[in-house]
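Observations on the three-dimensional arrangement
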Amino acid sequence: MRTSSPSRRTSACPETVTTPVEQVATRLRRELGDDAVLTDRQQLRTYECDGLAQYKVTPAVVVLPLTTAEVAAVVRACLDAGVPYVARGSGTGLSGGALPHADGVLVVTSRMRAVRDVDAADQRAVVEPGVINLQVTRAAAPQGYYYAPDPSSQQICSIGGNVAENSGGAHCLKYGFTSNHVTGVEIVAPDGEVVRLGGKAPDPPGYDLMGAFVASEGTLGIVTEVTVRLTRAPEAVRCLLAAFPSTDEAGGAVSAIIGAGVVPAAIEMMDALAIEAAEAAVQCNYPKGAGAVLVVELDGPAADVAAQFDEVERHCRDNAATEIRIAADEAERALFWKGRKSAFAAVGRISPDYIVQDGVIPRTALPEVLRRIAALSAESGVRVANVFHAGDGNLHPLVLFDDAVPGQAEAAEEVSGAILDLCIEHGGSITGEHGVGMDKARFMPRMYTDDDLDTMQMLRCAFDPKNLSNPGKIFPTPRLCGEIPGRHKGPHPLQAAGLAEVF
Ligand SMILES: Cc1cc2nc3c(=O)[nH]c(=O)nc-3n(C[C@H](O)[C@H](O)[C@H](O)COP(=O)(O)OP(=O)(O)OC[C@H]3O[C@@H](n4cnc5c(N)ncnc54)[C@H](O)[C@@H]3O)c2cc1C
């Protein structure tokens, strides 16, 4: 735990100021110190993309604040100069949410890494936004607790990023997403004010502004402190790996398990291509020749886990499982998970380039949607490996291509977009956990009407009327807050000038 902020040297050198963002850099050097402000091109390039590396923009300035007061100073400087800013945690996001602005400031929280409080009695921890997800569990473990949301990136992603994306993970089937585990946030609002939403107590009266803030992808302000719920470590955990001839039978087993009222901590599925990739990357030794595998984990009181485990095994056998392995110890359990958790990166072993897609469908639509994905793949010649949080119906198709082969990237993009259309067609969504960012903004109108989008923009404008906090993300067109959206829309300037008519 950090008790005091390291001191900083400030610059006495005056600089020639030409642009608003340079003015901001000069002001922040004065207020935060030289070592908190990066403007060297080589250093800036480290931050030019997040986990979605197809999009790259070098920011004009990177700021590394240490405290909430420093974050507020950055936001005020940007506000005064009309300069956009983007918050960044660890940069593992997969939707381009932390993509910088070329004329803007990137606010990186990686120095705000203190775990301020672990309060086992109240089952809460209070952490700074740059704290790594797994670090919360490490801090709580000695008292018998852990932090339940477990994105596969949990060894590197930050809690601030998790809040902004409402991140999920394998165990969110039973325990819920980030939004179910955050009870309070401190934010720097886009007017530079430090605001607290929620706290240690659950369900404060009034509008659920914290609910609005979680998943807002950095567009409503910057999180500077997070109060999270801690979960009691379960008495027993049991994990099995089941192999099936195809995803149809594996999907059938998932429906049977959940339909029987069993809520496993996690049910994850991988298809044959994803298994091949994981095997090549981490030698997880999954059953040879499997068309699909399920990793099913149960946790809770030992007696309940034992009874439900038998039931899970039975449903797997009834759905034509060809092999069932039960983890004998923690090492074997870790090996089962290693294949699944490494799956995204693992496809790099079988394809030079790939798109990690993220969509949601009702669980029962799984077999039909997987068949349609297979058909899309066959028609286009684009290979698709499937990895998913099967219990939640959250698909992660990995669309493989080789950028060096002309036309392949475009074909992969097309298949990737068609998969999202399939999700919408089946009553699902264009993202389960990776967020909209800049990558999926163009898909928002496929899911929402103009009125829906206008209503969301009104909320954003209430927080950020100047549109400086991560502009250009989530929404397909940058509507300025002066233009009041929805039914109260004023006349368009062209209309006011008599150059256009609205019918
Ligand atoms: C290999 C791999 C596996 C992954 N697995 C999962 C998974 O299982 N589940 C899942 O949900 N995601 C997963 N992800 C995606 C990613 O890790 C999550 O979205 C994560 O929450 C991003 O955290 P970050 O700190 O890297 O955020 P960044 O990428 O830095 O930022 C993400 C978004 O959050 C905003 N943001 C960051 N910090 C703040 C802040 N302090 N205040 C306000 N806004 C902020 C940014 O502006 C941006 O919009 C995976 C990514 C990778 C690379």
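Okay, so let's go over this structure. No experiment lies behind these values; they were computed from the predicted model shown. (Residues numbered from 1 in each chain as written. Predicted model: local features only at pLDDT ≥ 70, side-chain atom pairs only at ≥ 80, totals over all residues. Heavy atoms only, no water.)

Examining empty space enclosed by the protein
Counted according to the given criterion, the structure contains two cavities of 30 Å³ or more. For the largest cavity, the calculated volume is near 70 Å³. Taken together, Leu-52, Gln-54, Tyr-55, Ile-355, Gln-357, Glu-413, Ser-416, Leu-420, Asp-439, Lys-440, Arg-442 and Phe-443 make up the full set of residues lining the largest cavity. Top contributing element to the lining of the largest cavity by residue count: helix α14 (residues 408-425), with three residues. Partitioning the lining of the largest cavity into residue classes produces five nonpolar, three polar and four charged. The calculated volume of the second largest cavity comes to roughly 40 Å³. Along its surface, the second largest cavity is lined by Leu-94, Ser-95, Val-356, Gln-357, Asp-358, His-434, Gly-435, Asp-439 and Lys-440. Within the lining of the second largest cavity, the residues separate by chemical class into two nonpolar, four polar and three charged. (1 Å grid on protein atoms, 1.4 Å probe; cavity = no way out; pocket = protein on both sides within 12 Å on 5 of 7 lines; lining within 4 Å. Points joined across faces, edges and corners; volume = space filled by probe spheres on them. Helix = DSSP H or I, 4+ residues; strand = E, 2+ residues; numbered from the N terminus. Nonpolar A, V, L, I, M, F, W, Y, C, P; charged D, E, K, R; others polar.)

Thoughts on the site of the ligand
Close to the ligand lie 33 residues; Ala-87, Thr-92, Ser-153, Ser-158 and Ser-167 are nearest. Residue Ser-90 places a main-chain N or O atom 2.9 Å away from an oxygen atom belonging to the ligand. Between an oxygen atom of the ligand and a main-chain N or O atom of Ser-152, the distance comes to 2.9 Å. Surface burial for the ligand is 95%, taken as the share of its 970 Å² of free accessible area covered by protein chains. For the shell around the ligand, the secondary-structure elements that each account for two or more residues are β3 (85-88), α5 (159-165) and β10 (222-229). Ranked by the residues each element gives to the shell around the ligand, the list is headed by α5, at five residues. Looking at side-chain class alone, the shell around the ligand contains 10 nonpolar, 19 polar and four charged residues. (Near = heavy atom within 4 Å. Polar contact = N/O pair within 3.5 Å; in protein donor to acceptor, adjacent residues only side chain to side chain. Areas by Shrake-Rupley, 256 points an atom, 1.4 Å probe, with all protein chains shown as cover.)

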